[in-house]
Amino acid sequence: MIISVENISKFYGGNQVLKNVALTVEDSDRIGLIGINGCGKSTLLRIITGQEIPDKQPEPQEARISKSKNAAIGFLAQNSGLDGGNTITAEMTSVFRDLLEIVQRLEELRASNIPEEFAEEYSRKTAFFEANDGYLIDVKINKILSGMGFPPETRERVIRTLSGGERTRLALAKLLLENPSLLILDEPTNHLDFDTILWLEEYLRDYKGALLIVSHDRYFLDKLITSTCEIERGILRRFKGNYTAFAAQKEEFVTRQLKEYEAQQEEIAKLQDYIDRNLVRASTSNMAKSRRKQLEAMELIEKPVMFEKSAKIKFAYDRTPVKELLTVEDLKLVVGENNVLVDSVSFGLRRGEKLAVVGANGSGKSTLLRVIQGILPYSRGFLRWGDYVKTAYFEQANDYFNMDDTCMNAVHRLYPRMTELEVRSLLGSVRIVGENVYKKVGVISGGERAKLRFAIMMLERGNVLILDEPTNHLDIDTREVLESALFEFDGTIIFVSHDRYLLHRLGTRVLEIADNCVNFHDDFNNYIEARRQRKNIETPVGRDAPGAPKNDETKNTNYRTKEQRAAETKKRVRISELEAEIRRAEATIAELEAALADPEVCADYQLLGEKVELFEQEKKRLSELSDEWLLLSE
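Along each chain, residues carry numbers from 1 onward, in the same order as the chain's sequence is written. Side-chain atom pairs in this predicted model are given and counted only at pLDDT of 80 or more, local residue features only at pLDDT of at least 70, and totals for whole chains, interfaces and linings cover all residues. Side-chain figures throughout are based on the complete set of non-hydrogen atoms in the structure, without hydrogens or water.

A. Focus on empty space enclosed by the protein. Put plainly, a pocket is an open set of points on a 1 Å grid over the protein atoms alone with protein on both sides within 12 Å along at least five of seven lines, a cavity is a set where a 1.4 Å probe fits but cannot get out, and a lining residue has an atom within 4 Å of a point. Grid points are joined across faces, edges and corners, and a volume is the space filled by probe spheres set on the points. Scanning the entire structure with this criterion turns up two cavities of 30 Å³ or more. Computed from the structure, the largest cavity encloses a volume of approximately 90 Å³. Around the largest cavity sit T189, N190, I197, D217, E469, T471, N472, R479, S497, H498 and D499, which together line it. Charged residues are taken to be Asp, Glu, Lys and Arg, nonpolar residues to be Ala, Val, Leu, Ile, Met, Phe, Trp, Tyr, Cys and Pro, and polar residues to be all remaining types, Gly included. Residue composition of the lining of the largest cavity, by class: one nonpolar, six polar and four charged.

The following block contains the structure:
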């Protein structure tokens, strides 16, 4: 057991978000924590990590939190906790401060030829350093930074110069290096590009500790978790299996609970009817009183939350545009003076198509959406929309809103002729209800801001929807509502997303931005297969290389030259050689460790010094071999 919580309750403003919650996390648990926005997921995480305390309750309902003595809990919080003055490398290296201090002490002892009184300390510190993989520090840092999207040329950047998304990724990278017993991740994929999400999935699948993950990414949950905890009406229930298994079990649970609820309501009605008819009669009064006591003692079954969608979103338009909707020719996208995002992009878009735009963070996806709408300029090329096109734009950055407006005012500002009742009805359709309609836009959650924007888009009635990460910050129920609305929309959609479920279900064509170039794929599955094949090619032919195939020829990612096949064979041979050398080095190190622990060797300072020097040389060699093996394997 790593941590256990019992009887956890929490009120906010008279609203109980957690009701006697109990949760135990064992050493090997893989738990997904789900629930609608505002249900209490983040509150529970803050209580588990000690950032917040549960409400006090009388015995025997007193809150209890038990934690294993040696357990370390790592939490990816909103505030990254990074040192803004550090470089990326320095911040990652700080994780291994204790081991690096041992290195410094060992060097001091070696410089003084390891005096007799320090021989035991030297042996003990060396064993600790070895047991904690001290010689693999650089390998670990390089592996995780590369996986999290920080190539070597970026690692001397000062943290305060990083964007918010980059800081979040770096904070996650640091947390992975710390390797806590329990890793708690709150929406870890929100600021990650597609490659990084895939890498993180693979890394976490082999993670030795326990995982507690809050995520709206169903693919991510399905790959990683083995049990699902749902918070609903303040109550936490745990189900075995991943998200897909949970969905089936939840439906069965709701069906069963509804039957029990209806049966109990029928019994209550019969008891109440008997009481009403017989309480005043002398002959039957005692029996009626007995029924009333039975009714009062009955533990009521709550009516379950039915499988009704949490919002109602439907996009419609008034006028059908022309068939040839958009023409883009040789468009060059540049940020600043010299930063070329896309050298040349050409494509045509026809009415009714659903074009998915994918690529790494910073590759130019959002810029492309802004350029085709005329929000940003382009430095070269041709761009033309067909007749009768009306766009509706979902912008990821929330720049669309005045954060001091209330939700009501945000709609009234654009549609002043709408009555208050009409605005409330519109907001209610996306589940912004009650007093929330008078909350300022800057105060409501990211998911609620997204739903507010969808409400306004329904009023705009665009026949072309342009969407930049529309599912970010949405709970799973609202994601499913939005996906259904987009799937049923018979107009045209251009969308940027990292949501693989949405990409798979909606995209009829995929535009990929990579290495300042554009590739097209027939659908999401073809895009995934093309990526997989590209990664298997050690030295792919570049577009600008002499003799490289152009345009459509570059789509044939199965093509390999004789030189490429020879290089790949050479790489496999070298990997086998490295594995053999690593085994020999490890065997030699084990022999030297045994010698260093031998009292006779320790008594001979000259021999001890020779063994220590050999030990250090072999360790350095092992580190170099491991680095080369890791580089070739990746």
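B. View of helix α10 (residues 285-297). Here α10 contains 13 residues, and its C-alpha end-to-end distance of 18 Å stays within 8% of the 18 Å for a straight helix at 1.5 Å per residue. Between buried and exposed lies partly exposed: a residue is buried under 20% and exposed over 50% of the maximum accessible area for its type, with that area taken using a 1.4 Å probe on protein chains only. Counting from the N terminus, the helices are the DSSP runs of H or I reaching at least four residues and the strands are the DSSP runs of E reaching at least two. Listed as buried for α10 are S285, A288 and L295. Buried positions in α10, seen along its axis, are confined to an arc of 75 degrees and lie on one side of it. Away from its buried face, by an angle of more than 90 degrees, α10 presents the exposed residues N286, K293 and A297. By the convention used here, residues are in contact when the closest approach between their heavy atoms is within 4.5 Å. Packing partners of the buried residues in α10 comprise α9 (243-278). Here, expected helix span is obtained from the residue count minus one, scaled by 1.5 Å. The directions from the helix axis to the C-beta atoms are what the arc is built from.

C. Broad picture of the packing of aromatic side chains. Under the pairing criterion, centres of Phe, Tyr and Trp rings, with the six-membered ring standing for Trp, must be within 6.5 Å; the plane angle then separates stacked pairs below 30 degrees from edge-to-face pairs above 60, leaving the rest tilted. Inspection of every chain in the model, using the stated rule, returns eleven aromatic pairs. Geometrically, the ring pair formed by Y219 and Y501 is edge-to-face, given 6.3 Å between the ring centres and 70 degrees between the ring planes. In this pair, Y219 sits in helix α8 (residues 218-224) while Y501 sits in helix α16 (residues 500-506), placing the two residues 282 residues apart along the sequence. Overall, the relative accessible area of 31% leaves Y219 in the partly exposed class.

D. Examining the packing of helix α3 (residues 97-111) against helix α4 (residues 119-131) more closely. All axes are obtained by fitting lines to C-alpha atoms, using only the stretch in contact for helices, and the reported angles, taken between N-to-C directions, cover 0 to 180 degrees. Viewed as axis vectors pointing N to C, α3 and α4 meet at an angle of 145 degrees, and their least axial separation amounts to 10 Å. As α3 packs across α4, the resulting crossing turns out to be left-handed. Contact residues: α3 offers L99, I102, V103, R105, L106, L109 and R110, while α4 offers E121, Y122, K125, T126, F128 and F129. In the contact of α3 with α4, the residues fall into eight nonpolar, one polar and four charged. A clockwise turn of the near helix away from the far one marks a right-handed crossing, whereas an anticlockwise turn of less than a right angle marks a left-handed crossing.

E. Inspection of the sheet that holds strand β1 (residues 3-12) at higher detail. Here, strands pair whenever DSSP counts at least two bridges between them. With respect to topology, three strands assemble into an open sheet ordered β2-β1-β4, the strand pairing being antiparallel. If you trace the sheet from one side to the other, it starts and ends with β2 (15-25) and β4 (64-67), each paired once. Pairs of neighbouring strands in the sheet enclose a mean axial angle of 20 degrees, with direction left out of account. In this sheet, β2 lies alongside β1 in antiparallel orientation, the contact comprising seven bridges. Among the inter-strand pairings, V5 is bridged to a residue of β2, identified as L23. The sheet strands contacting helix α1 (residues 41-48) are β1, β2 and β4, and the helix crosses β1 at an angle near 130 degrees.

F. Molecular detail of unusual backbone geometry. Following E59, the chain continues to P60 via a peptide bond in cis, the omega torsion being 5 degrees. Checked against the element boundaries, P60 lands in the loop between α1 and β4. The backbone of D133 shows a phi angle near 55 degrees, a positive value even though the residue is not glycine. Within the element layout of this structure, D133 appears in the loop between α4 and α5 (137-147).

G. Quick peek at the pairing of strand β9 (residues 235-240). Where strand β8 (residues 227-232) and β9 come together, six bridges link them in antiparallel fashion. By the bridge assignment, T228 is partnered in β9 with F239. In this antiparallel pair of consecutive strands, β8 and β9, the connection spans two residues, and R233 shows a positive phi of 55 degrees.

H. Focus on the side chain of N463. Within the secondary structure, N463 sits in the loop between α14 (446-460) and β15 (464-468). The class for N463 is buried, based on a relative accessible area of 3%.

I. Representation of the confidence of the model for the protein within the structure. The pLDDT averaged across the protein works out to 85; a share of 92% of its residues lies at or above 70. pLDDT is a residue-level measure of predictor confidence that goes from 0 to 100. In this model, residues 538-559 is a region of pLDDT below 50 whose contacts with residues beyond four sequence positions or in other chains number 25 contacts.

J. Structural context of α3. With 15 residues, α3 should cover 21 Å at 1.5 Å per step; its first-to-last C-alpha distance of 21 Å lies within 8% of that length. Those residues of α3 that fall on the buried side of the exposure criterion are L99, I102, L106 and L109. The arc enclosing the buried residues of α3, seen along the axis, measures out at 75 degrees, which places them on a common side. Where α3 is buried, its residues contact α4 and α5. One or two residues past the end of α3 sits N113, with phi positive at roughly 60 degrees.

K. Seen up close, the sheet that holds β8. What the six strands build is an open sheet, ordered β5-β6-β7-β3-β8-β9; its pairing is mixed. The open sheet has two edge strands, β5 (73-76) and β9, and neither has a second partner. Strand-to-strand, the axes of this sheet are offset by a mean angle of 15 degrees, without reference to chain direction. Packing of helix α6 (residues 164-178) onto the sheet brings it into contact with β5 and β6 (182-186), and relative to β5 it is tilted by some 170 degrees.

L. Examining the nonpolar core more closely. The term nonpolar core refers to a set of buried residues drawn from Ala, Val, Leu, Ile, Met, Phe, Trp, Tyr and Cys, joined through side-chain atoms within 4.5 Å. With 62 residues, the main nonpolar core has M148, L170, L176 and L204 as its most contacted residues. With seven residues, α6 is the largest single contributor of residues to this core. Residues L427, V481, A485 and L506 belong to the second largest nonpolar core, which totals 46 residues.

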